[in-house]
Amino acid sequence: MSGYRHKIDEQGAGGVRFELHQFERKAHGVAAPVHVPNATSGGTAAVIHLHPPHARTARQLRIVLEGGAALLEPGALQYALGRLEVDVQKNANAGGFLARAITSAGTGESAFATRFAGHGEVWTEVTTKHFILASMDGPQDSLILDDGAFYACDAHIAVSTHVHRSVQGLLSGNGLMQPKLTGKGAFVVEAPVPVDEIEVVELDGTDELIVDGDIMLMFSAGLQVELRPLVRGLRNAMRTGEGLVFVFRGRGTVWLTPTTRLG
């Protein structure tokens, strides 16, 4: 394995292991003064100082297969090595061609995932985005993810589509449909912020949580969820300056990314 990257996290068992690797690009530049050519006759040549830019951190996912199988977001593969079987798996509830088109347009997710099985390793494309490596404990565990957040999972986890059956859901920035994970195993979520900037809110059934959809990363599927204006009435909604919000009730967990807009 190349020495320019190092493992910073891992998750998985039972034949499938996800490893998150990180590295920094080594930037080179001229720090000494550089004279601008073609200076005017008798004048003083302009001098500029070029300094190397800050190193840019990048990340890459490695999927280690030891007899197991994993699902990967289409288009994420960089290279694979080993004795592997590669196939395309249709996500549950994706439906036919028309439903597949609606699903893709509504969630930013593909109705398909690439399935790798056997013995070997799969490396994904290098990115400056962030990842969360986690696991679900049982067959009844279920999470609903934000648009485009699904990246990879153990093939024992079912990937399907959650439908918000309301007019508000159809008009929200997050779309009418969202990816849903159900089952037991490890999974990887693509996040807009580092893991230490993610806020976890636990609901015990007594409080109500109102969230701007832009910072919602994922939530327990058992929660009652409503997509609606912050206040009732069109005129009042316009006065708040807010779009549609998620309203959560019940018992479960919501993961938020409050620093998303900081870049």
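That block above? That's the structure.
Keep in mind it's a predicted model, so treat the numbers as computed, not measured. (Residues numbered from 1 in each chain as written. Predicted model: local features only at pLDDT ≥ 70, side-chain atom pairs only at ≥ 80, totals over all residues. Heavy atoms only, no water.)

### What about the environment of leucine 61?
Part 1: Its location among the elements puts leucine 61 in strand E5 (residues 57-72).
Part 2: Taking C-alpha positions, leucine 61 is 6.1 Å from histidine 21, a pair spaced 40 residues apart along the chain.
Part 3: Not counting chain neighbours up to four residues away, the residues in contact with leucine 61 comprise Phe18, Glu19, Leu20, Val122, Trp123, Thr124, Leu133, Tyr151, Ala152 and Val188. (Helix = DSSP H or I, 4+ residues; strand = E, 2+ residues; numbered from the N terminus. Contact = heavy atoms within 4.5 Å.)

### As for the side chain of glutamate 19
Part 1: Within the secondary structure layout, glutamate 19 lies in strand E2 (residues 16-24).
Part 2: For glutamate 19, the side chain forms a polar contact with the side chain of histidine 21, separated by 3.0 Å.
Part 3: Here glutamate 19 is in contact with Lys7, Asp9, Glu10, Gln60, Leu61, Arg62, Val64 and Leu133, once residues within four sequence places are set aside. (Polar contact = N/O pair within 3.5 Å; in protein donor to acceptor, adjacent residues only side chain to side chain.)

### A look at the sheet that holds strand E16 (residues 244-249)
Part 1: With antiparallel pairing, the 3 strands of this open sheet are ordered in space as E13-E16-E15. In this open sheet, the two edge strands, each paired with only one partner strand, are strand E13 (209-212) and strand E15 (224-229). The mean inter-strand angle of the sheet, taken between neighbouring strand axes irrespective of direction, is 30°. (Pairing = 2+ DSSP bridges. Axes fitted to C-alpha atoms, helices over the stretch in contact; angles between N-to-C directions.)

### Thoughts on the pattern of salt bridges
Part 1: The tally for this structure, following the rule as stated, stands at 10 salt bridges.
Part 2: A salt bridge links lysine 129 to glutamate 190; the nearest nitrogen and oxygen atoms lie 3.8 Å apart. Residue lysine 129 is located in the loop between strand E7 (112-124) and strand E8 (130-145), and its partner glutamate 190 is located in strand E11 (residues 177-191); the two are separated by 61 residues in the primary sequence.
Part 3: For lysine 129, a relative accessible area of 45% corresponds to the partly exposed category.
Part 4: It is possible to trace a salt-bridge network through shared partners that takes in Lys7, Glu10, Arg17, Glu19, Arg62 and Glu121. (Salt bridge = Lys/Arg side-chain N within 4 Å of Asp/Glu carboxyl O. Buried < 20%, exposed > 50% of the residue type's maximum accessible area, 1.4 Å probe, protein only.)

### Points about the nonpolar core
Part 1: Counting residues in each nonpolar core, the largest one holds 21 residues, and the members touching the most others are Leu145, Leu181, Phe187, Val189, Leu217 and Met218.
Part 2: Mapped by element, the contributors of at least two residues to this core are E8, strand E9 (150-154), E11 and strand E14 (216-220).
Part 3: Non-local contacts of phenylalanine 187, meaning those with residues more than four positions away in its chain, are made with Phe18, Ile132, Leu133, Ala134, Ser135, Met136, Leu143, Ala152, Cys153, Ile157, Leu181 and Met218.
Part 4: One finds Val16, Leu65, Ala70 and Val122 within the second-largest nonpolar core, a separate group that totals 17 residues. (Core = buried A, V, L, I, M, F, W, Y, C linked by side-chain atoms within 4.5 Å.)

Honestly, that's just the spatial picture; any functional story needs more than this.
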